[in-house]
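# Observations on the three-dimensional arrangement
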Amino acid sequence: RFQFKLDFTQVVYFADGPFSVRDNGITFDNVLIQDRFGHEGKLTGGVPYDHFKDIRLNLRIDLNDMRALNTGSMDNTSFYGRAFADGTVRVSGPLNKIRLSLNITPTGNTTIHIPLGASASTKQSLLTFINNEEQISLIDSVIQAHNAPEKSKGGGTDISVNLRLNATPDAEIQLEVDKNTGDILKARGNGQIGITVAGEKFDIKGDYQVQSGSYHFGMLGITARDFSINPGGTIAFNGDIMQSDLDLTATYRPQASISP
């Protein structure tokens with residue numbers, strides 16, 4: 001039984017089950033994993049290597065209404081939020097160049113924040129083991145031990161992320177026009193959204209059909225209006241977040257006296 005965290009998603013998992021250690025790697029066979037809420041999933045795959053050299057990751061996590069994302073704006077400036085989901089998380093590649101692929105369908109209590117015009121750097125550790133409240137970075141420690149020259153040149157781990165979000169009304173998407181003034185568009189609906197993060201590049205594509213939502217319009221911090229978004233609108237993401245197309249109809253209902 002051990003505990004580990006995917007640093008990019010900031011989700012802690014608890015694993016309990018058998019694994020095999022051989023000359024050519026470590027393998028997991030349907031190891032039971034849980035999140036902090038007791039929701040269960042499976043861990044399969046392994047960590048292939050050649051006598052603890054040329055270490056790579058080839059892991060798959062199957063989620064069943066499990067926490068899949070637990071990040072804030074300080075963790076990732078491109079997109080962040082809280083998500084529970086069904087689906088899969090795959091971690092693959094050598095330790096200094098990790099590929100993280102997520103294919104998830106939200107199951108409830110999910111909010112994804114997308115700041116407009118944001119960019120992010122993903123040079124960080126990927127996996128952290130926690131033992132007696134002492135955090136040990138698996139990626140950094142292994143690279144330091146087996147691949148010291150590469151670490152001294154670049155440092156850290158290059159992570160590329162591919163997220164396929166099969167959006168449902170259970171998930172709320174928030175487009176942050178200006179977070180400082182509260183200028184935020186919130187929407188619930190259906191669609192498939194693909195997000196790619198590689199180095200400084202942030203790419204988002206897909207069509208999103210809006211069923212409901214709201215828009216808090218703040219003008220220069222002087223005045224604000226709250227609009228209700230009508231069903232039937234669309235948001236089309238075309239790669240660059242600043243080139244997104246919003247086709248929405250909204251209603252503003254003022255409170256007025258009927259006496260005049």
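Everything numeric here is computed off the predicted structure, so don't read it as measured data. (Residues numbered from 1 in each chain as written. Predicted model: local features only at pLDDT ≥ 70, side-chain atom pairs only at ≥ 80, totals over all residues. Heavy atoms only, no water.)

Here the focus is the overall build of the protein. The helix and strand inventory of the protein stands at two helices and 18 strands. Considering the protein as a whole, with its 260 residues, one finds that 42% of them fall into the buried category. Once local pairs closer than 6 in sequence are excluded, the contacts in the protein between residues at least 24 apart make up 54%. Carbon and sulfur atoms provide 48% of the accessible area of the protein, an area that totals close to 13,800 Å². (Helix = DSSP H or I, 4+ residues; strand = E, 2+ residues; numbered from the N terminus. Buried < 20%, exposed > 50% of the residue type's maximum accessible area, 1.4 Å probe, protein only. Contact = heavy atoms within 4.5 Å. Areas by Shrake-Rupley, 256 points an atom, 1.4 Å probe, with all protein chains shown as cover.)

Locating Val21 in the fold gives a position in strand E3 (residues 19-22). Here the alpha-carbon distance between Val21 and Val47, two residues 26 residues apart in the chain, equals 9.4 Å. For Val21, the contacting residues outside a window of four places in its chain are Ile26 and Tyr49.

Following the criterion strictly, the structure yields one salt bridge and no others. With its nearest N and O atoms 2.8 Å apart, the salt bridge here joins Asp62 to Arg60. Relative accessible area serves as the criterion here: at 23%, Asp62 is assigned to the partly exposed category. (Salt bridge = Lys/Arg side-chain N within 4 Å of Asp/Glu carboxyl O.)

A few words now on the side chain of Glu172. With respect to the secondary-structure elements, Glu172 resides in strand E12 (residues 171-178). For the buried residue Glu172, which engages in no salt bridge, the nearest side chain bearing the opposite charge is Arg188, 4.1 Å off. Apart from the residues within four sequence positions on either side, Glu172 is in contact with Thr110, Thr111, Ile112, Lys186, Ala187 and Arg188. (Lys, Arg positive; Asp, Glu negative; His and termini not counted.)

It is worth spelling out the packing of aromatic side chains at this point. Two measures describe an aromatic ring pair: the distance that separates the ring centres and the angle between the ring planes. As enumerated under the stated definition, the model contains 10 aromatic pairs in all. Between Tyr49 and Phe52, the aromatic rings sit 4.6 Å apart at their centres with planes inclined by 15°, giving stacked as the arrangement. Taken together, the ring pairs in this structure connect Tyr215, Phe217, Phe227 and Tyr252 into an aromatic cluster. (Phe/Tyr/Trp six-rings, centres within 6.5 Å; stacked < 30°, edge-to-face > 60°.)

Here we come to the confidence of the model for the protein. Looking at the protein, the pLDDT average stands at 82 and 83% of residues meet or exceed 70. Mean pLDDT across the elements of the protein bottoms out in helix H2 (residues 148-153) (43) and peaks in strand E5 (residues 40-48) (93). Confidence drops under pLDDT 50 across residues 118-126; counting only partners more than four residues distant or on other chains, this segment forms 41 contacts. (pLDDT = per-residue confidence, 0-100.)

Looking now at the nonpolar core. Ranked by internal contacts, the top residues of the largest apolar core, which has 52 residues, are Tyr13, Ile61, Phe79 and Tyr208. A per-element tally of this core places strand E6 (residues 56-71) first, with seven residues. (Core = buried A, V, L, I, M, F, W, Y, C linked by side-chain atoms within 4.5 Å.)

Two elements, strand E7 (residues 80-94) and strand E8 (residues 97-115), share 12 bridges in a ladder whose sense is antiparallel. Paired with Phe84 across the bridge in E8 is Gly108. What sits between E7 and E8 in their antiparallel hairpin is a turn of two residues. Summarising the sheet, E8 and strand E11 (residues 158-167) pair through eight bridges and their orientation is parallel. If you follow Leu102 over to E11, its bridge partner there is Leu163. Summarising the sheet, E8 and E12 pair through six bridges and their orientation is parallel. Within E12, the position partnered with Thr111 by the bridge is Glu172. (Pairing = 2+ DSSP bridges.)

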